[in-house]
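The primary structure of each chain is shown beneath.
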Amino acid sequence: METRTALVTGAAQGLGREFAVALAGRGYRVAGLDLEPQSETAEQILDYVELVGDATDPGAVEEGLEQIVDRFGTLHVVVNNAGVYPAKPFEETTLEDWRRVMRVNLEAPFLVTRAALPYLKAAGWGRIVNIASAAVLTAPPAMVPYVSSKMGLIGFTRSLAAAVAPYGITVNAIAPSMVRTATAERTVGADGGFEQVRSGQVVERTQEPADLVSTLLYVVDKGSDFLTGQTLNVSGGSAYL
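The structure reproduced in this document is the subject of the present report. (Residues numbered from 1 in each chain as written. Predicted model: local features only at pLDDT ≥ 70, side-chain atom pairs only at ≥ 80, totals over all residues. Heavy atoms only, no water.)

Further remarks concern a negative patch on the surface. On the surface, a cluster of negative charge is contributed by Glu62, Glu63, Glu66 and Asp70. The residue Asp70 is located in helix H3 (residues 58-72) in this model. With a relative accessible area of 69%, Asp70 lands in the exposed category. (Patch = residues over 30% accessible without salt bridge, like charges linked within 9 Å, V, L, I, M, F, W, Y side chains within 5 Å. Areas by Shrake-Rupley, 256 points an atom, 1.4 Å probe, with all protein chains shown as cover. Salt bridge = Lys/Arg side-chain N within 4 Å of Asp/Glu carboxyl O. Lys, Arg positive; Asp, Glu negative; His and termini not counted. Charge placed at Lys NZ, Arg CZ, Asp CG, Glu CD. Helix = DSSP H or I, 4+ residues; strand = E, 2+ residues; numbered from the N terminus. Buried < 20%, exposed > 50% of the residue type's maximum accessible area, 1.4 Å probe, protein only.)

Below, the structure written as structure tokens:
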């Protein structure tokens, strides 16, 4: 059977690194795209393709996809994981704040997916996974741009699923709670952020990157051909669909 290839954005740390390592552990050839070098990720994955570039830059994205296909010959899985999540009162949010969140959280998945789609179609099978957020259900008031961007990503997931289904490609979203990552610890999780989110969950602990791995592997599995256009809420019972 053909060895499958995956691209993970935001793979330098946190969820992205966890996803890249997990996919490699399942036998995938893995590439990562991040603004930062990915040395710690690369150390854990044999034959890793490290792409340092901006997922909001169409040229960088297209060049990165070409490097992946040059190395591995094909592409099957795209995990749109890169994101930003600034917290700020709405009335203090500038237009540039809003645009930055939309560029990274919504425009980048569009650019990466658009560039990857010809390769997934050529492979005759594909999985696109968008990392959304349970914040679309809990609606924290200090994260209006973030919640808006992630709700947009869910709409993108649903409509794209219908568009690419004839090619054997599924599109799904995973919606985590606040995950303990280095970035979250110094931003939204600081000053009681983790405690506040945890208090709204029925699973009374902070979510770790490893908590999302089984869901990702389920979504990309060959046996999940009938699952598409869905948002899987993996948030410790902070909200119910």
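More follows now that the structure is in view.
Turning next to a nonpolar patch on the surface. A contiguous nonpolar surface patch, about 330 Å² in accessible area, is contributed by Val202, Val203 and Tyr240. Structurally, Val202 can be placed in the loop between helix H8 (193-199) and helix H9 (213-220).

Let's shift gears to the pattern of salt bridges. When the charged atoms of two side chains lie near each other, side chains of opposite charge can form a pair. Counted according to the given criterion, the structure contains eight salt bridges. Residue Asp211 pairs with Arg205 through a salt bridge whose shortest N-O separation is 2.9 Å. We classify Asp211 as partly exposed; its relative accessible area is 25%. Several salt bridges share partner residues, and in doing so they unite Arg127, Lys222 and Asp225 into one network.

Summarising the element assignment, Ala132 is placed in the loop between strand S5 (126-131) and helix H5 (135-138). By relative accessible area, Ala132 is classed as buried at 3%. It is 9.7 Å that separates the C-alpha atoms of Ala132 and Ser177, two residues lying 45 residues apart in sequence. Setting aside its immediate chain neighbours within four residues, Ala132 contacts Tyr146, Lys150, Leu153, Ile154, Ala173, Ile174, Ala175 and Pro176. (Contact = heavy atoms within 4.5 Å.)

No statement about biological role is implied by the geometric values presented.
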